[in-house]
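Observations on the model geometry
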Amino acid sequence: SLNLSKKDKLYKDAMTTARQSGNTEIAEDLLRYFVESGNPSCFTACLYTCYDLVRSDVVMELAWRHGLTNEAMPYFINLVREYQVKVDNLTAEVGELKLKVAKGGNSGAGGSSEGANPLLGPAGLGGRLMIGNGPTPGAAPNVFGGATPGNNNASQFGGSQFGGF
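Right, let's walk through the structure included here. Keep in mind that what you see is a predicted model, and the values were worked out from it rather than measured.

**Observations concerning the packing of helix H5 (residues 56-65) against helix H6 (residues 69-103)**
The relative placement of two packed helices comes down to the angle between their axes together with the axis-to-axis distance. Running from N to C, H5 and H6 point in directions that differ by 155°, and their axes come no closer than 9 Å. Between H5 and H6, the angle is such that the two are roughly antiparallel. By crossing handedness, the relation of H5 to H6 is classed as left-handed. Residue-level contacts link Ser 56, Val 59, Met 60, Ala 63 and Trp 64 of H5 to Thr 69, Ala 72, Tyr 75, Phe 76 and Leu 79 of H6.

**Some words on the pattern of salt bridges**
Tallied over the full model, the rule gives five salt bridges. Linking Arg 55 and Glu 28 is a salt bridge whose minimum nitrogen-to-oxygen distance equals 2.7 Å. Here the residue Arg 55 occupies a position in the loop between helix H4 (40-49) and H5, and Glu 28 occupies one in helix H3 (residues 24-36), the gap between them amounting to 27 residues. With relative accessibility at 0%, the residue Glu 28 sits in the buried group. Close ionic contact of Asp 29 with Arg 32 constitutes a salt bridge, the shortest N to O distance being 3.3 Å. With a gap of three residues between them, Asp 29 and Arg 32 both fall in helix H3, about one helical turn apart.

Rules used in this analysis
- Residues numbered from 1 in each chain as written.
- Predicted model: local features only at pLDDT ≥ 70, side-chain atom pairs only at ≥ 80, totals over all residues.
- Heavy atoms only, no water.
- Axes fitted to C-alpha atoms, helices over the stretch in contact; angles between N-to-C directions.
- Helix = DSSP H or I, 4+ residues; strand = E, 2+ residues; numbered from the N terminus.
- Parallel < 35°, antiparallel > 145°, perpendicular 65-115°, else oblique.
- Left-handed = near helix turned anticlockwise from the far one by under 90°.
- Contact = heavy atoms within 4.5 Å.
- Salt bridge = Lys/Arg side-chain N within 4 Å of Asp/Glu carboxyl O.
- Buried < 20%, exposed > 50% of the residue type's maximum accessible area, 1.4 Å probe, protein only.

So, in structure tokens, the structure goes:
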């Protein structure tokens, strides 16, 4: 269907088919087709139609290599705006979490739990860590070259050649 639309120069149908496919590769191949055929207005229209499918790095490279930065600029303006909104939302959420932590609020997603801090994890700073006692005699050798307790053999990296790392 897409190839027939391109062959018959039914570019609007080709863009609609690419968008409905939901496939990034199909949309980006159509962009490349418009670049190679020297059709900058369809390149811009395809960016608008397939906005959610095309990857920004592919668009940037095609636009830069083929002198289509003016045609791609509306896409990039919209993309930067979308990213700015996401960053603003994340900044607001982090600010709210910092206020909750500063006030000592434990009403996070997990409800109230003793000593739990949503930013620091359940152990928090200075809490009990879930670390074992280290290697035991007869355990596997240290892969970084140092001697393990109870195992004074040379490491797989040549013993002390690397200074015990």
